[in-house]
Amino acid sequence: MKVTPAVNTFVGRPVERVEDLRYLRGKGQYLDDLQKEGQWCGAVLRSSVAHGRLVNIDTKAALDIPGVHAVITAADLPSVIPTIPFRRPNPTIAPYAQPVIAVDKVRYVGEPIAFVLADSAEIAEDALQFISVEIDTLDPIVDWRASENGATLLFDSTQTNIASVFEARSGDAAEAFRAAPYVRRERFSVQRHTAMPMETRGLLAEWDEATSHLTVWGAAKLPFFNRRAMAGMMGLQETAVDYLELDVGGGFGARGEFYPEDFLVAFSAKHFKRPVKWVEDRREHFLAIAHAREMEAELEIACDLDGSILGMRGTINVDIGAYVRPNGMTPVRNVTQFIAGPYRIANLAFDGRALVSNKTPAGTYRGPGRFEGCFFCERMIDLAAKDLNLDGVDMRRRNLLTQADMPYALATVSPNDGFAETACDSGDYRTTFDQCLNEFGWQEKSPLNGQCIDGLYHGIAIGNFIEGGAAGPRESAKIELERDGSVSVYVGSSGVGQGVETIMSQIAADALEISLDRIRLFHGSTSNLKEGFGSYGSRGTVMGGSAVLVAAKEFLAAFQDAAAERLRVPSDQVTVEGGVARTRDGRSVPLIEIAALELISREATYHGSKQTYTFGAAAVHVSVDPKTGRVNILDYVTVDDVGRVINPLTLHGQVVGAAVQGFGGVFSEHLQYDSSGQLLVGSLADYMIPISTDYPHIRAISLEQYPSPNNPLGAKGAGEGGIIPVGGVVVNAIASALRSFGVEPRSLPLTPPHIWQLIQETKS
Amino acid sequence: MNITLSINGARIEVDVPPRMTLCDALRQKLQLTGTHIGCEHGVCGACTIIVNGRAVRSCLMLAVQASGATITTVEGLAHGDDLSPLQAAFRRHHALQCGFCTPGMLTTLHALLTEEPYASEERIRDVITGNLCRCTGYIPIVEAALDAREAYQRSRESAPL
Ligand code: FES
Ligand code: FES
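Residues numbered from 1 in each chain as written. Chains lettered and ligands numbered in written order. Predicted model: local features only at pLDDT ≥ 70, side-chain atom pairs only at ≥ 80, totals over all residues. Heavy atoms only, no water.

### What to know about the domain arrangement of chain B
Residue and element names in this part refer to chain B.
And step 1. Under the domain assignment, chain B is made up of domain 1 (2–76) and domain 2 (85–158).
And step 2. Between the C-alpha centres of domain 1 and domain 2 there is a distance of 21 Å.
And step 3. With 17 residues of domain 1 at the contact, the number on the domain 2 side is 13 residues.
And step 4. Both faces considered, domain 1 and domain 2 share a buried interface measuring about 1,100 Å² in area, 63% of it formed by carbon and sulfur atoms.
And step 5. Its largest share of buried area at the contact with domain 2, domain 1 owes to His 36, Ile 50 and Val 74, together 37% of the area lost on that side. (Domains from an automatic or database assignment. Contact = heavy atoms within 4.5 Å. Buried area = accessible area lost by both parts, 1.4 Å probe.)

Printed below as a string of structure tokens:
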């Protein structure tokens, strides 16, 4: 018999993933792998016009096609077309909500106008071209300045195209700027790009008339919120809807929010009493998935001559596309709240403005608002250091937060969408900074800065970041003893490819003191638990893991009681260790024995609304070819402190993968629109995510020197930190490399032509 | 149209519409859903399978073109209950996160290492430029492939061509 050690140590070990066994054999179960008997397949007719009034939709010819069963338009829905609910409502955004299907007006290319249902996806797609749509075009708005101007309004019921303004304040910025010996003003921008998971989105819904129950497969990220949203829009009880999670081919913040198709698929399933399946194709994905990151910042920094940063202020204009989506305000709030990042800057005043335009609505993408904010802040610091003739390394260290500053309150944000106040929780941010300098070999590489070697200009840079995690307010877990002595663990956290099964099993095995192979993990579906939340904002591990700890405690207490009863002693005379209950006089009963007699099941909720802050630094060495504008990443090192490492293997994977995504955002990924509001990219051949030869030199080190005081695991979020610093450090390194030309890039993406252009401009 | 082909060692006869792609036929007609579709325009490589020893994008091939072919899909890579050396190396190196690109990566690398068991790191990187992965950043995939080479070298020696 296998002896289980009294105290397990699965947490912290590079445990190979449980989920890999099915993925590697081709036995994963992704949405498109699922078929239901008698299912109809859907295809969405999308607007080809960016802005216009819908005059007429004629579906007759499409309906005549053999195999086509129905075409749904706004006219077929209830007279009040439901709009997609907000996850974080605020006082001004209500008029900007998206109807589940276009009514009266279309506001972006790709907006759903009709939904065709047919025997197969091929027939449904063929039928799309037989629907004729008449649209009176209106002037399209394709940038934030035209939106601000307001000559054309997207929403007739409003007076402005500014859906919301978030104000972040700390100290007295006006006074700090008045008194400061040094002030600089700059403008920076980041281009529209997006998550681009390798699996496109998809949903399958089934209505069971007998039990009046709706089941939706294809859940990700937020199953419980989406269930509530769906129930509300369909006029059903929440318990009459389940969102079930299958394997998910990548999320990165974009998948799993409530999209228009969620409603169209579910409505059709209920209306026609048929399973209905819809799978997005890649071209459609470009138009339909939430876009992200498009913003321009006008910023000012105020410093003392010794490099102490006295204040920062400014306005960030965010182009959020045509509607406010469920999480569309998150990047806007984040960028205003987190620009100052890991630095001690007492006086802050930022306005983040969300402006609508005739483009695909925006949402979150890994490190939302934080990637952008870090880029702005790190650029600003380097420019200031140059002006003040200071060393950028010294200037950063001078302003980094230390343990003495903790907890350190970040700027307060209004309107309050639930995250108005937050504070960095623990850590001396100089530790990761210094270790990063060492690992990178800053001393040795410094002489290369600005040097031209074999025609290539070399540059290095280092920057710092924080990653907020553990979004509250709570998460649930349930632990159940099975007849065979195994234990089933149910968590609200969802899986989007990050290894939640393995990570949660490690935590549960340690907490229950049983071996890993006795645990079966279930996650991400609303049928598992009464309530739950999901995985977003780097919360999956911290919140779900903490919930598992709380449930494990209750489960073990119940085991103790059951064992005591069986051993006929009072409960407090029994101790539980390693899955065995013992009396003082040496009698014992193992968990397996109890399993045969009674079912122990405990569901518990972990409450925690204080966020955690992972912190870290990244350094990069680049070379730039001035003749082509091409940049090579010769070395990239990141060091972060995540509080507590659950699985070093998966953590390392998260950091490196995120960094490479970040490079894509810096150099090549761009959702470009023309002046009529047409998206100019539509395939993976013209939207260039990184390929295997692009960024092979990445090193990532994770520390656990400063556990979070805010949760029982001591863990902090870890899914996003890898991407946050990339823009800031890479652009600073390029500026360093090209300093003899005086090139100071201020906008992304830094494609080779863009860099080449910057060099030419300084030459002339 | 009726076609006959060999898939993962089994002789299979299947009736497919002329316009059906090979990946759709595998997934819909034969329930071999391990082969994934990420783009349907030949860029992502998720649909890669091995046709007559060569890594091929099954979204760019019609099912009828595969008549008479010998095909290996991701489902045919494992040795019974055991992972193949390449699969095991993927697991050890954490060369997969969401697993969506994985079938295409495995088939591409299996075809490569079968032909070139001594492939260099550079060669491996170069060959998988046609397979997109959004999760891993590729580094662990290359490490896994390098690690798996030895097993391919051994099987080459024990069964010379
Ligand atoms: S699906 Fe075939 S290459 Fe992308
Ligand atoms: S593991 Fe997710 S795309 Fe490669």
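### Description of the interface of chain A and chain B
And step 1. Tallying the contact residues gives 51 residues for chain A and 43 residues for chain B.
And step 2. Across the chain A to chain B interface the summed buried area is about 4,000 Å²; carbon plus sulfur atoms make up 57%.
And step 3. Summed over the three residues of chain A that lose the most area to chain B, namely A:Leu24, A:Met198 and A:Ser692, the buried surface amounts to 19% of that side.
And step 4. Here B:Arg19 makes a salt bridge to A:Asp126, at a shortest N to O gap of 3.1 Å.
And step 5. Taken together, chain A and chain B are joined by 22 residue pairs in polar contact (both at pLDDT 80 or more).
And step 6. Of all the elements in the fold, those that place two or more residues in the side of chain A that touches chain B are α1 (20–24), α3 (121–128) and α17 (648–667) of chain A.
And step 7. Broken down by element, the side of chain A that touches chain B gets its largest block of residues, eight residues, from α17(A).
And step 8. Here the residues of the side of chain A that touches chain B are counted per class, giving 24 nonpolar, 14 polar and 13 charged. (Salt bridge = Lys/Arg side-chain N within 4 Å of Asp/Glu carboxyl O. Polar contact = N/O pair within 3.5 Å; in protein donor to acceptor, adjacent residues only side chain to side chain. Helix = DSSP H or I, 4+ residues; strand = E, 2+ residues; numbered from the N terminus. Nonpolar A, V, L, I, M, F, W, Y, C, P; charged D, E, K, R; others polar.)

### Remarks on the sheet that holds strand β6 (residues 132–137) of chain A
Residue and element names in this part refer to chain A.
And step 1. Taken in spatial order, the three strands line up as β4-β2-β6 in an open sheet, and their pairing is antiparallel. The open sheet is flanked by β4 (105–106) and β6, the only strands paired with a single partner.
And step 2. Where strand β2 (residues 52–58) lies against β6, six bridges are found, and the strand directions are antiparallel. Following the sheet pairing, Arg 53 is matched in β6 by Asp 136. (Pairing = 2+ DSSP bridges.)

### Quick word on the confidence of the model for chain B
Caution applies to low-pLDDT regions: their predicted coordinates should not be interpreted in detail.
And step 1. Per-residue confidence for chain B averages 96 on the pLDDT scale, and 98% of its residues sit at or above 70.
And step 2. Overall fold confidence (pTM) sits at 0.96, and the ipTM for the predicted complex is 0.97. (pLDDT = per-residue confidence, 0-100.)

### Observations concerning the environment of A:Ala618
Residues and elements named next belong to chain A.
And step 1. Structurally, Ala 618 is set in strand β28 (residues 612–625).
And step 2. Classification of Ala 618 by relative accessible area gives buried; the value is 0%.
And step 3. Each C-alpha atom of the pair Ala 618 and Gly 722 lies 8.8 Å from the other, and the pair is 104 residues apart in sequence.
And step 4. Apart from residues lying up to four places away in sequence, Ala 618 is in contact with Cys 436, Ala 461, Ile 462, Gly 463, Tyr 636, Val 637, Thr 638, Pro 725 and Val 729. (Buried < 20%, exposed > 50% of the residue type's maximum accessible area, 1.4 Å probe, protein only.)

### Re the packing of helix α11 (residues 392–399) of chain A against helix α12 (residues 429–440) of chain A
Residues and elements named next belong to chain A.
And step 1. For the pair α11 and α12, the least separation of the axes is 10 Å and the interaxial angle reads 160°. Taken together, the axis directions place α11 and α12 in an arrangement best described as roughly antiparallel. In the packing of α11 onto α12, the handedness of the crossing is left-handed. For the pair α11 and α12, contact is made by Val 393, Arg 396 and Arg 397 and by Arg 430, Phe 433, Asp 434 and Leu 437, respectively.
And step 2. Each residue belonging to the contact of α11 with α12 can be placed in one class, and the counts come to three nonpolar, no polar and four charged. (Axes fitted to C-alpha atoms, helices over the stretch in contact; angles between N-to-C directions. Parallel < 35°, antiparallel > 145°, perpendicular 65-115°, else oblique. Left-handed = near helix turned anticlockwise from the far one by under 90°.)

### Some remarks on the sheet that holds strand β5 (residues 70–72) of chain B
Residue and element names in this part refer to chain B.
And step 1. Taking strand neighbours across the sheet as the criterion, the five strands line up as β2-β1-β5-β3-β4 in an open arrangement whose pairing is mixed. Each end of this open sheet is capped by a strand with a single partner; those strands are β2 (10–15) and β4 (54–57). For this sheet, the mean inter-axis angle between neighbouring strands, taken without regard to orientation, is 40°.
And step 2. With two bridges connecting them, strand β1 (residues 2–7) and β5 associate as parallel partners. Bridged to Ile 7 within β5 is Ile 71.
And step 3. Along the sheet, helix α3 (residues 102–115) makes contact with β3 (48–51), β4 and β5, crossing β3 at roughly 35°.

### Looking at the domain arrangement of chain A
All names here are of chain A.
And step 1. In terms of domain boundaries, chain A breaks down into domain 1 (34–138 + 200–248 + 255–288), domain 2 (139–197 + 292–369), domain 3 (400–411 + 425–469 + 610–763) and domain 4 (472–607).
And step 2. Each of domain 3 and domain 4 has a C-alpha centre, and these two points are 39 Å apart.
And step 3. Contacts between domain 3 and domain 4 engage 18 residues on the former and 13 residues on the latter.
And step 4. Both faces combined, the contact of domain 3 with domain 4 buries some 1,100 Å², and carbon together with sulfur accounts for 64% of it.
And step 5. Area buried by domain 3 at its contact with domain 4 is led by Ile 646, Pro 712 and Leu 713, which between them contribute 42% of it.
And step 6. Taken together, domain 3 and domain 4 are joined by zero salt bridges.
And step 7. Linking domain 3 with domain 4 are three residue pairs in polar contact (both at pLDDT 80 or more).
And step 8. Per-element tally for the side of domain 3 that touches domain 4: the top contributor is strand β20 (residues 456–469), with three residues.
And step 9. Of the residues that constitute the side of domain 3 that touches domain 4, the class distribution is five nonpolar, ten polar and three charged.

### A look at helix α1 (residues 22–29) of chain B
And step 1. In terms of residue burial, α1(B) counts as a mostly covered element, since six of its eight residues are buried.
And step 2. Among the residues making up α1(B), those that are buried are B:Leu22, B:Cys23, B:Asp24, B:Ala25, B:Leu26 and B:Arg27.
And step 3. Contacts made by the buried residues of α1(B) are with α3 of chain A together with β1, β3 and β5 of chain B.
And step 4. B:Gln31, located one to two residues past α1(B), shows a positive phi value of around 55°.

### Let's talk about the packing of aromatic side chains
All names here are of chain A.
And step 1. Evaluated as defined, the whole model comprises 20 aromatic pairs over all chains.
And step 2. A centroid spacing of 5.7 Å and a plane angle of 45° characterise the contact between Phe 375 and Phe 376, whose relative ring orientation is tilted.
And step 3. Overall, the relative accessible area of 0% leaves Phe 375 in the buried class.
And step 4. Joined through ring pairs, the aromatic side chains of Tyr 96, Tyr 108, Phe 155 and Tyr 323 make up one cluster. (Phe/Tyr/Trp six-rings, centres within 6.5 Å; stacked < 30°, edge-to-face > 60°.)

### Digging into the nonpolar core
And step 1. If you look at the biggest cluster of nonpolar residues, it comprises 174 residues, and the most contacted ones within it are A:Phe376, A:Tyr636, A:Phe667, A:Val730, A:Ile734 and B:Phe90.
And step 2. When residues in this core are grouped by element, the largest group, ten residues, is from helix α10 (residues 370–387) of chain A.
And step 3. A:Ile507, A:Ala509, A:Leu512 and A:Met543 belong to the second largest nonpolar core, which has 47 residues in total. (Core = buried A, V, L, I, M, F, W, Y, C linked by side-chain atoms within 4.5 Å.)

### Brief notes about the pairing of strand β9 (residues 202–208) of chain A
Residues and elements named next belong to chain A.
And step 1. Buried residues dominate β9, accounting for five of its seven residues.
And step 2. The sheet contact formed by β9 and strand β10 (residues 213–219) spans five bridges and is antiparallel. Its bridge partner being in β10, Trp 207 is matched across the sheet by Leu 214.
And step 3. Here β9 folds back onto β10, and the loop between the two strands holds four residues, one of which, Ser 212, carries a positive phi near 50°.

### Things to note about the confidence of the model for chain A
And step 1. Mean pLDDT over chain A: 94, with 98% of residues reaching 70 or higher.
And step 2. A low-confidence stretch, residues 1–6 of chain A stays under pLDDT 50, and its non-local contacts, those more than four residues away or across chains, total nine contacts.

### Describing the pattern of salt bridges
Note that side chains of opposite charge can pair when their charged atoms are close.
Residue and element names in this part refer to chain A.
And step 1. Applying the stated criterion to the full structure yields 59 salt bridges over all chains.
And step 2. Put simply, Arg 46 and Glu 284 hold a salt bridge, and the shortest N to O gap is 3.0 Å. On the criterion of sequence distance, the pair formed by Arg 46 in strand β1 (residues 40–46) and Glu 284 in helix α8 (residues 282–288) is long-range, its members being 238 residues apart. The pair formed by Arg 46 and Glu 284 is uniform in burial state, with each residue classed as buried.
And step 3. In this structure, Asp 64 engages Lys 60 in a salt bridge whose closest nitrogen and oxygen atoms are separated by 3.2 Å.

### Things to note about the side chain of A:Arg184
All names here are of chain A.
And step 1. Relative to the helices and strands, Arg 184 is located in strand β8 (residues 182–190).
And step 2. For Arg 184, a relative accessible area of 19% puts it in the buried group.
And step 3. A polar contact is formed between the side chain of Arg 184 and the side chain of Asp 387, at a distance of 2.9 Å.
And step 4. In contact with Arg 184, not counting residues within four places along its chain, are Leu 299, Glu 300, Ile 301, Met 380, Leu 383, Asp 387 and Arg 746.

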